[in-house]
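The primary structure of each chain is shown beneath.
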Amino acid sequence: MYRLLRPLLFRLDAEAAHGLGVQAARLGQTFGGVTRALFPRADERLAQTAWGLRFASPVGLAAGFDKNAALVPFWADLGLGFAEVGSVSAQPSAGNPKPRAFRLPADRALVNRMGLNNDGAEAVAERLAHTERPEGFVLGVNVAKTHSPDILGEAGVDDFRQSVRALLPHADYLALNVSCPNTAEGKTFETPEALDALLTAVMAEVQAASDAPPTLVKLSPPATGGVDAGAVDELVRISLHYGVAGFIATNTASDRTGLTTEASRLEAIGRGGLSGRPLADRATALVRHLYGVTDGAVPLIGVGGIDSAEAAYARIRAGATLIQVYTGLVYEGPGLIGRIHRGLVRLLDRDGLGTLAEAVGADA
Ligand SMILES: Cc1cc2nc3c(=O)[nH]c(=O)nc-3n(C[C@H](O)[C@H](O)[C@H](O)COP(=O)(O)O)c2cc1C
């Protein structure tokens, strides 16, 4: 079905096509029974427990697709195990001027510079307070600093903390987006000093909560040359020191290495974060490194270029307990979720494994 629709959707600007997808999803949400009938649940062998939460499927929705948490029941109806809504920031933001999302079909990739457009923490918290949480479905809430070059340093940390305070009562897990490449000031929180200052404030806020959700840090992809072990290990050390419970690897990439799309097209698009297939090997390398440096003791979410069961399985064998999809959904449609579920069971059978948990880190 999606194969027929895709050529039509791809004639539209990428963000306009996303808007149509959201309309279709709203319809799917209204008729949840139909959606559930069309998209079967994952096999029991794929269920896992992480942070004390049961994930009926290892496949989740990556941050950025449902920034304002408008479609939570729909993601559950599609058969996903979890969704990460956001990024949400303390203040609402319209993001960058359009156009700000672009397809690179030859590379099965996207470039976006959305600029953290979202309704703001208060509005999203209010929406989540009135959203019925689907049973057996895990909800992650991804938080980022407000997209403004004027909110920097201590003010930036405070901004982050405000969002965490507003949203943590509604989150099964919190994700700290310290690696958005599209910040107005062009900086991330991925220097040891910036991460330390952020986690000092944010983790105090989390730990003061009566029902503190596990908190994960979302990292940038490594450069194409490979993982900078010294730099990553320092960020891991700081994170674990403050009680971070896991990592999400990876966010989009700022560079454009290894693409087949013509240079003139890339130049016309301009800056933004690269997602999709070109990210897959780099994101896998970081997952493998994180699994090794943490001795597999903290669950990892693998994301970046996963568009098949084989890609999902490779990420899990590299050390990811869970995986997320975004660009793969744009190219493959929602049928991707069922294909990953069925393919994972087939791959477990091939390798003589009983459950997916046995595959986690098998190739780390
Ligand atoms: C249009 C778009 C918007 C995104 N917005 C966010 C965001 O708000 N917060 C975030 O942490 N990641 C965001 N991401 C990154 C994705 O969550 C994911 O880390 C990245 O796209 C790699 O996965 P993929 O190759 O499956 O797309 C966005 C990605 C895209 C394509």
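Within each chain, residue numbers correspond to sequence positions counted from 1 in written order. Local features in this predicted model are restricted to residues of pLDDT 70 or higher, and side-chain atom pairs are both shown and tallied only at a pLDDT of 80 or more, whereas totals for entire chains, interfaces and linings draw on every residue. Note that water and hydrogens are dropped before the side-chain values are worked out from all heavy atoms of the structure.

- As recorded in an unreviewed UniProt entry, the chain goes by Dihydroorotate dehydrogenase (quinone) and comes from Rubrivirga marina.
- UniProt positions are given in the numbering used here, feature names are shortened, and annotations may be inferred rather than shown by experiment. Here is the UniProt Catalytic activity (unreviewed entry) comment for the chain, exactly as written: "(S)-dihydroorotate + a quinone = orotate + a quinol".
- Regarding the chain, the relevant UniProt record gives this comment under Function (unreviewed entry): "Catalyzes the conversion of dihydroorotate to orotate with quinone as electron acceptor."

1. Section: the sheet that holds strand E8 (residues 173-177)
Point 1. Overall, parallel pairing links the 8 strands, which are arranged E3-E4-E7-E8-E9-E10-E12-E13 in a closed barrel. Each adjacent strand pair in this sheet contributes to an overall mean axis angle of 25°, direction not counted. One requirement defines pairing of two strands: DSSP has to find at least two bridges between them. Helix numbers and strand numbers start at the N terminus; a helix is a DSSP run of H or I with at least 4 residues, a strand a run of E with at least 2. Comment: axis = line fitted to C-alpha atoms, over the contacting stretch for helices; angle = value between 0 and 180 degrees taken between N-to-C directions.

2. A few points about a nonpolar patch on the surface
Point 1. Residues Leu 27, Phe 31, Val 34 and Leu 38 make up a contiguous nonpolar surface patch of roughly 430 Å² in combined accessible area.
Point 2. Its location among the elements puts Val 34 in helix H3 (residues 32-38). Each patch is built from salt-bridge-free residues with over 30% relative accessible area, joining like charges within 9 Å and nonpolar side chains (Val, Leu, Ile, Met, Phe, Trp, Tyr) within 5 Å. Computed with a 1.4 Å probe, the accessible areas rest on the Shrake-Rupley method; for each residue, only the protein chains presented here act as cover. One side-chain nitrogen of Lys or Arg within 4 Å of one carboxyl oxygen of Asp or Glu is enough to make a salt bridge.

3. Some points on the packing of aromatic side chains
Point 1. Aromatic rings from Phe, Tyr and Trp, taking only the six-membered ring of Trp, are treated as a pair when their centres fall within 6.5 Å; an angle between ring planes under 30 degrees marks them as stacked, one over 60 as edge-to-face, and anything in between as tilted. Applying the stated criterion across every chain, the model contains 9 aromatic pairs.
Point 2. Measuring from centroid to centroid gives 5.2 Å for Phe 74 and Trp 75, while their planes differ by 65°, and the two rings are edge-to-face. Each member of the pair, Phe 74 as well as Trp 75, is classed as buried.
Point 3. With 5.3 Å between their ring centres and 90° between their planes, Phe 160 and Phe 189 make a pair best called edge-to-face. Pair noted here: Phe 160 is in helix H6 (residues 153-167) and Phe 189 is in the loop between E8 and helix H7 (192-208), with a separation of 29 residues, a long-range link.
Point 4. Grouping aromatic residues by their ring pairs yields a cluster made of Trp 51, Phe 55, Phe 82 and Tyr 173.
Point 5. Look at NZ for Lys and CZ for Arg. If either is within 6 Å of the ring centre and within 35 degrees of the ring normal, a charge sits over the ring. The ring of Phe 10 is capped by Arg 6, whose NZ or CZ atom sits 5.8 Å from the centre of that ring.
Point 6. One cation-aromatic arrangement involves Arg 103 over Phe 10; the distance from NZ or CZ to the ring centre is 4.3 Å. Any residue under 20% of the maximum accessible area for its type is buried, any over 50% is exposed, and the rest in between are partly exposed; the area is computed with a 1.4 Å probe on protein chains only.

4. A short note on the packing of helix H5 (residues 121-129) against H6
How two helices sit against one another is set out by the angle between their axes and by the gap between those axes.
Point 1. Following both chains from N to C, one finds H5 and H6 inclined at 10°, their axes separated by 9 Å at the closest point. The orientation of H5 relative to H6 falls into the category roughly parallel. Relative to H6, H5 is oriented so that their crossing is right-handed. Mapping the contact onto sequence places Ala 121, Val 124, Ala 125 and Leu 128 in H5 and Ser 163, Ala 166 and Leu 167 in H6.
Point 2. Under the scheme applied here, ten amino acids are nonpolar (Ala, Val, Leu, Ile, Met, Phe, Trp, Tyr, Cys and Pro), four are charged (Asp, Glu, Lys and Arg), and all others, including Gly, are polar. Here the residues of the contact of H5 with H6 are counted per class, giving 6 nonpolar, 1 polar and no charged. Small angles under 35 degrees read as roughly parallel and large ones over 145 as roughly antiparallel, with 65 to 115 read as roughly perpendicular and the rest as oblique. Note on convention: near helix rotated counterclockwise from far helix by under a right angle means a left-handed crossing. Clockwise means right-handed. Every residue pair with non-hydrogen atoms within 4.5 Å of one another is taken to be in contact.

5. Some words on the site of the ligand
Point 1. Residues are labelled near a given molecule or strand when at least one of their non-hydrogen atoms is within 4 Å of it. In the vicinity of the ligand lie 22 residues, with Ala 63, Ser 87, Gly 276, Gly 305 and Thr 327 positioned nearest.
Point 2. Whenever a nitrogen or oxygen atom comes within 3.5 Å of another N or O atom, the pair is scored as a polar contact, on the condition that within protein one atom can donate a hydrogen and the other can accept it, and that pairs from neighbouring residues in sequence are kept only if both atoms are in side chains. At a separation of 2.7 Å, a nitrogen atom of the ligand approaches a polar side-chain atom of Ser 87.
Point 3. At 3.0 Å from an oxygen atom of the ligand is found a side-chain nitrogen or oxygen belonging to Asn 142.
Point 4. Protein coverage of the free-state accessible area of the ligand, which is 610 Å², stands at 96%.
Point 5. The set of elements that each furnish at least two residues to the shell around the ligand consists of strand E4 (82-88), strand E6 (109-112) and strand E11 (273-276).
Point 6. Counted by class, the shell around the ligand contains 6 nonpolar, 14 polar and 2 charged residues.

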